[in-house]
Amino acid sequence: METTQQTGEPGAAERRRRELLEAADRVVLRDGPKASMNAIAAEAGITKPILYRHFGDKAGLYQALAVRHTDALLDSLRAALDAPAERRRRVEATLDTYLAAIEARPQVYRFLMHPAEDSHTAERGFDVGLHSAPLLRRLGEELAQVISERVDLGSDGERLARVWGHGIVGMMHAAGDWWLGERPCDRADLVAGLTDLLWGRLATAGNRKDGPGF
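What this report covers is the structure whose coordinates are included nearby.

1. Digging into the side chain of Arg87
Part 1: Relative to the helices and strands, Arg87 is located in helix H5 (residues 87–104).
Part 2: Although buried, Arg87 forms no salt bridge, and the nearest oppositely charged side chain, Glu86, lies 7.5 Å from it.
Part 3: A distance of 2.7 Å separates the side chain of Arg87 from the backbone oxygen of Ala205, its partner in a polar contact.

Take a look at the structure:
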């Protein structure tokens, strides 16, 4: 078991934090939103007070895992948006990248987006909804930035890009949540339907002259 002794080395502390997050990921993949601090501490081979020392509480651990997974998702979405393909294909690839990510790790998605109805008593004060909303806002702002840099939306382009960014993320989240729970169609069918819904003005908008193009 790990002791409470500090190494004083930032590199060692960051490495240990990464190891604890990897242990948390393993528990989340197994237990989904029911993942508890006790189970995560046991998986990491430490006591729960030591886990609290690193993350504060479940909200702190949740935030660290959220950043980890959101960063990875954003990297994948940017790669899809910047792929060498025509615009509609890149829109389809971006939507598919998001849906593929939640399909590949549904327990992680449920941990990040859905509270456990039977959480342990000591953790019932943890409100996943309170913490998941900033994740969606971050995705919305990041997508808005991509749109603003690439698409010419006129004199009010920055505001409209934010409207589109948050709207698209809201659509992806709501449709993806429904699809993951019910599986009413193939992923490709959902991607095609959502792309049709989005295509409208995006099909006719020009690229920004000073941007990387879209």
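Moving on from the model shown.
2. Let's talk about the side chain of His69
Part 1: As for its placement among the helices and strands, His69 is situated in helix H4 (residues 58–81).
Part 2: The exposure class assigned to His69 is buried, which follows from its relative accessible area of 17%.
Part 3: Contacts of His69, omitting those with residues within four sequence positions, involve Asp25, Arg105, Val108 and Leu112.

3. Quick look at unusual backbone geometry
Part 1: If you check the backbone angles, Arg183 has positive phi at about 45° while not being a glycine.
Part 2: For Arg183, the position within the fold is in the loop between helix H8 (157–182) and helix H9 (187–204).

About the criteria used
Residues numbered from 1 in each chain as written. Predicted model: local features only at pLDDT ≥ 70, side-chain atom pairs only at ≥ 80, totals over all residues. Heavy atoms only, no water. Helix = DSSP H or I, 4+ residues; strand = E, 2+ residues; numbered from the N terminus. Buried < 20%, exposed > 50% of the residue type's maximum accessible area, 1.4 Å probe, protein only. Lys, Arg positive; Asp, Glu negative; His and termini not counted. Salt bridge = Lys/Arg side-chain N within 4 Å of Asp/Glu carboxyl O. Polar contact = N/O pair within 3.5 Å; in protein donor to acceptor, adjacent residues only side chain to side chain. Contact = heavy atoms within 4.5 Å.

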